[in-house]
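# Summary of the model geometry
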Amino acid sequence: MAITFAATPRTRPDVAARPRGRLGRSARRNVTGWAFAGPATLIVVGLSLFPAVWAFFISRTKWNGIAPAVDVGWRNYQRIVQDPDAIAAARHTLVLTLLFVPASILLGMLIAVALNQRIRLIGFYRTCIFVPYVASAAATGILASFVFNPQFGAANEALRRLGLPAQQFLESPGQALLVVCVIALWGEVGFTAVVYLAALQDIPPDLVEAATVDGAGRWRVFRHIILPELRPVTVFVAIWQTITAMQLFDLIYTTTRGGPMNSTQTVVYYIYELAFQTQRLGYGAAVAYLLFAVTMLLTVGVIWYSRRRGSEVF
Amino acid sequence: MVLTSFMTASEINRFPPKFLPSGLHVDGYVTLLAESHIVRWFANTVLVSAIAVTAHLILCSLAGYGFARLKFAGRGVAFLAIIATVMIPIQLLMIPTYLMFARAGIVDTLAAAFVPWLASAFGIFLMRQFFLGLPVELEEAARLDGCGTLRTFVSVVLPLARPALATLAVFTLLSSWNDLLWPLVAISDDSRFTLQVGLASFQGTRRTEWSQLMAGNVIATMPLIVAFLVAQKRFIATMTFTGLKG
């Protein structure tokens, strides 16, 4: 076999061999390319685009996962508008996002500026900021419910020393969302700080020096040189933290599980409850699709806005 | 947290709270080890994370190199599809993925916990960005010396990519180790829990046993803090790289 195989091309005229060889080469290039990129692409696309399309079909059914699915058209989507739980969840998510995003940007920037100084023990401080980011939400949540425990938590002790009345924190419907936000900030600000720190170190030192020589004070240097230089990072951080806030699940699960009295029930928590606690897969998928649409619109909006302002991030 | 894990129950419940334990009380750890599956959970988590990190390093570096350097039909479309997946929230994918895994019969096994972690759009993107930034001359030299594509990749490109690989490893370790939502959904048998699910389940049933809870917390967090400290410099350096020069 091998001999005939090897012998075949030799018997062909040269003219026919040339285009064939070129075709063979591009085919081989394609095979090599896909051999490299194929496996990872298959996993990523197979575990997201395909399920995403499937989720759309599920969202148009009434289904508990066991009995046959009943096609209900757009009724699940119509229901969301009249569902008080969904509306409350959307409101909680909105409040959380509006509190979390600006606070994490400001805090992150402040910490980064502070950590960018040449002071003693700087490595130690940096580590302290990033450790909460490294710790899991489960660990953070447990620690937080200890600190904010109304009976013996350190938070109430701190209030007592300041002469303020004790609070119920996570057990009060009026405060729980705010406390969750504070805990989320504690856990996530490390990320913002790292990104800003990296950006600060990227600012050319001569820029700052030149301004100082020209007589600008520290505040003016910050206001007119550092802040504009940081703008692209801010856009990136804003998008990233908005997505983080809108999809905050782990922390809510480990601190309040949506309570007390649904006061920390967010959209993602509501989806989890619908799909995996009460087995309403179709309705859950519809709510998830709406969340997807909102996230995408927001992201596209921020990118469009920042492009128009002339800062290139993506 | 570490301090609380060494306190006795009565010390914890005191008001005003004390910050230092009166001695090293290891009751929390002892009871935890004796009465729960925590050792099992730890082993499960180590296994899941090890598979996730290894698979990420291999698959994402291969794909990143493919997208950065090799020219093949469908490259643009495939890369665009991967980038598009970043916008899809996990909550949307959870329901169909659960059904898919249930049909494949891997729900409630450790495979369910690691399959979604084998590769990620983020990893592919990170590696591609890195390879795009490498000078081509070295690869061309290897080519001229007669190396095939795979050989060039393994013996010339990969050694240069060590910093990017280290970052990818830390990121993957961080997120697979800390993943709560997906294993929570996919695994219900408590001997197959990962640490995070185990800890969260603990919280519901043993709300008052703070020393045990904190001991569990310490056990779950320490490995990551150590990994982070080891990779800290690189981690911070690559943050710039991924976030800003992307």
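Everything numeric here is computed off the predicted structure, so don't read it as measured data. Starting afresh in each chain, residues are numbered from 1 along the sequence in its written order. Written order determines the labels here, with chains lettered from A and ligands numbered from 1. With the structure being a predicted model, the display of local features is reserved for residues of pLDDT at least 70 and the display and counting of side-chain atom pairs for 80 or more, all residues being used for whole-chain, interface and lining totals. As a rule here, side-chain values come from all non-hydrogen atoms in the structure, and water together with hydrogens is ignored.

### Quick word on the packing of helix α4 (residues 38-69) of chain B against helix α5 (residues 75-85) of chain B
Residues and elements named next belong to chain B. Applied cut-off: Each axis is a line fitted through C-alpha atoms, and for a helix only the stretch in contact is used; angles between axes span 0 to 180 degrees, taken between their N-to-C directions. Runs of H or I in DSSP of at least four residues are treated as helices and runs of E of at least two as strands, each being numbered from the N terminus. Between 65 and 115 degrees an angle is taken as roughly perpendicular, under 35 as roughly parallel, over 145 as roughly antiparallel, and anywhere else as oblique. In a left-handed crossing the near helix is turned counterclockwise from the far helix by less than a right angle, and in a right-handed crossing that turn is clockwise. By the convention used here, residues are in contact when the closest approach between their heavy atoms is within 4.5 Å. Asp, Glu, Lys and Arg are counted as charged, while Ala, Val, Leu, Ile, Met, Phe, Trp, Tyr, Cys and Pro are counted as nonpolar; the rest, among them Gly, fall into the polar class.
Viewed as axis vectors pointing N to C, α4 and α5 meet at an angle of 130°, and their least axial separation amounts to 10 Å. One way to sum up the angle between α4 and α5 is to call them oblique. Considering only the axes of α4 and α5, their crossing is left-handed. Taken together, the residues of α5 that come into contact with α4 (itself represented by Gly66, Phe67, Ala68 and Arg69) are Arg75, Ala78, Phe79 and Ile82. The class makeup of the residues in the contact of α4 with α5 is 5 nonpolar, 1 polar and 2 charged.

### Comments concerning the UniProt feature "transmembrane region" (unreviewed entry) in chain A
Residues and elements named next belong to chain A. Put simply, the rule reads: UniProt positions are given in the numbering used here, feature names are shortened, and annotations may be inferred rather than shown by experiment.
In the numbering used here, UniProt assigns the feature "transmembrane region" (unreviewed entry) to residues 31-57, 94-115, 127-148, 176-199, 233-253 and 281-305. The annotated region residues 31-57 carries 93% helix and 0% strand content, and the separation between its end C-alpha atoms amounts to 34 Å. End C-alpha atoms of residues 127-148 are separated by 24 Å, and the span's content is 86% helix alongside 0% strand.

### Here's the deal with the environment of Ala52 of chain A
Just so we agree on the cut-off: Here's how the labels work: a residue is buried when its accessible area is under 20% of the maximum for its type, exposed when over 50%, partly exposed in between, all with a 1.4 Å probe on protein chains only.
Checked against the element boundaries, Ala52 of chain A lands in helix α3 (residues 49-58). Here Ala52 of chain A falls in the buried class, since its relative accessible area comes to 6%. It is 8.9 Å that separates the C-alpha atoms of Ala52 of chain A and Tyr289 of chain A, two residues lying 237 residues apart in sequence. In this structure, Ala52 of chain A is in contact with Tyr289 of chain A together with Ile88, Leu92 and Leu93 of chain B, ignoring residues within four places of it in sequence.

### Remarks on the packing of aromatic side chains
Note the threshold: Here the aromatic set is Phe, Tyr and Trp, taking the six-membered ring for Trp, and pairing holds for ring centres within 6.5 Å; pairs whose planes are under 30 degrees apart are stacked, those over 60 apart are edge-to-face, and all others are tilted.
Per the counting criterion, the structure on display carries 18 aromatic pairs over all chains. Between Phe50 of chain A and Trp54 of chain A, the ring centres sit 6.2 Å apart and the planes meet at 35°, which makes this aromatic pair tilted. Of this pair, Phe50 of chain A and Trp54 of chain A both sit in helix α3, 4 residues apart, which is roughly one turn of the helix. The class for Phe50 of chain A is partly exposed, based on a relative accessible area of 47%. Ring geometry for Tyr253 of chain A versus Tyr272 of chain A: centroids 6.1 Å apart, planes at 85°, classification edge-to-face. Here Tyr272 of chain A lies in helix α14 (residues 267-276) and Tyr253 of chain A lies in helix α13 (residues 250-255), a separation of 19 residues in the sequence. The same class applies to Tyr253 of chain A and to Tyr272 of chain A, which are both buried. An aromatic cluster is defined as three or more aromatic residues linked by ring pairs; in this entry it consists of Trp34 of chain A together with Phe67, Phe72 and Phe79 of chain B.

### Notes on the interface of chain B and chain A
Going by this rule: Put simply, buried area is how much 1.4 Å-probe accessible surface two parts lose in total, over both of them, once they are put together. The term salt bridge refers to a pairing of a side-chain nitrogen on Lys or Arg with a carboxyl oxygen on Asp or Glu at a separation within 4 Å.
Contacts between the two partners involve 78 residues from chain B and, on the opposite side, 77 residues from chain A. Across the chain B to chain A interface the summed buried area is about 6700 Å²; carbon plus sulfur atoms make up 78%. Three residues stand out in chain B for area buried against chain A, namely Gln91, Leu92 and Ile95 of chain B, and they jointly supply 10% of the buried area on that side. On the surface where chain B and chain A come into contact, there are 0 salt bridges. Split into classes, the residues belonging to the side of chain B that touches chain A amount to 55 nonpolar, 18 polar and 5 charged.

### Some words on the domain arrangement of chain A
All names here are of chain A. Note the threshold: What fixes the domain bounds is an automatic or database domain assignment. The term polar contact refers here to a pair of N or O atoms within 3.5 Å; inside protein, the definition further demands a hydrogen-donor-capable atom paired with an acceptor-capable atom, and it admits residues adjacent in sequence only when both atoms are side-chain atoms.
If you check the domain split of chain A, you get domain 1 (14-58) and domain 2 (75-308). Note on domain 1 versus domain 2: buried area summed over both sides is about 340 Å², and carbon and sulfur give 66% of it. Scanning the region where domain 1 abuts domain 2 turns up 0 salt bridges. Taken together, the connections running from domain 1 to domain 2 amount to 1 residue pair in polar contact (both at pLDDT 80 or more). When its residues are assigned to classes, the side of domain 1 that touches domain 2 shows 5 nonpolar, no polar and no charged.

### Notes on the side chain of Asn44 of chain B
Residues and elements named next belong to chain B. As for its placement among the helices and strands, Asn44 is situated in helix α4. In this structure Asn44 comes out as buried when scored by relative accessible area, which is 9%. Here Asn44 is in contact with Leu110, Ser191, Arg192 and Phe193, once residues within four sequence places are set aside.

### Examining the confidence of the model for chain A
Our working rule: Per-residue confidence from the predictor is given as pLDDT, running between 0 and 100.
Overall, the predicted model of chain A reaches an average pLDDT of 75, with 79% of residues at or above 70. The secondary-structure element of chain A with the lowest mean pLDDT is helix α1 (residues 2-11) of chain A, recorded at 38, while helix α5 (residues 84-115) of chain A shows the highest, at 85.

### Brief notes about the side chain of Ser48 of chain A
Tracing the backbone through its elements, the reader meets Ser48 of chain A in the loop between α2 (14-46) and α3. Judged by relative accessible area, which is 6%, Ser48 of chain A ranks as buried. Once residues lying within four places of it in the same chain are set aside, the contact partners of Ser48 of chain A are Thr85, Ile88 and Leu93 of chain B.

### Some remarks on the nonpolar core
This is how it is decided: Among buried residues, those of type Ala, Val, Leu, Ile, Met, Phe, Trp, Tyr and Cys that are joined through side-chain atoms within 4.5 Å constitute a nonpolar core.
The biggest cluster of nonpolar side chains holds 149 residues, and the ones touching the most others in it are Phe67 and Phe131 of chain B. If one sorts the elements of this core by residue count, helix α9 (residues 176-202) of chain A sits on top with 16 residues. Residues lining this core come from more than one domain, with at least three contributed by each of domain 1 (14-58) and domain 2 (75-308) of chain A. Excluding residues within four positions of it along the chain, Phe131 of chain B makes contact with Ser61, Gly64, Tyr65, Ala68, Arg69, Phe153, Val157 and Ala161 of chain B.

### A few points about the environment of Phe236 of chain A
Residues and elements named next belong to chain A. Tracing the chain through its elements places Phe236 in helix α12 (residues 231-246). For Phe236, a relative accessible area of 11% translates into the label buried. The spatial distance from the C-alpha of Phe236 to the C-alpha of Thr299 is 10.0 Å, given a sequence separation of 63 residues.

### What to know about the packing of helix α10 (residues 149-160) of chain B against helix α11 (residues 162-178) of chain B
Residue and element names in this part refer to chain B. Between α10 and α11, the shortest axis-to-axis distance is 5 Å and the interhelical angle comes to 70°. As judged from the angle between their axes, α10 and α11 are roughly perpendicular. Side by side, α10 and α11 meet where Leu158, Pro159 and Leu160 of the first sit next to Arg162, Pro163 and Leu165 of the second. Residues belonging to the contact of α10 with α11 are distributed by class as follows: 5 nonpolar, no polar and 1 charged.

### Considerations on the environment of Ala139 of chain A
Note that Ala139 of chain A resides in helix α7 (residues 137-147). Considered as a pair, Ala139 of chain A and Leu251 of chain A are 112 residues apart in the sequence and their alpha carbons are 9.1 Å apart. Contacts of Ala139 of chain A, omitting those with residues within four sequence positions, involve Gln196, Asn217 and Thr221 of chain B.

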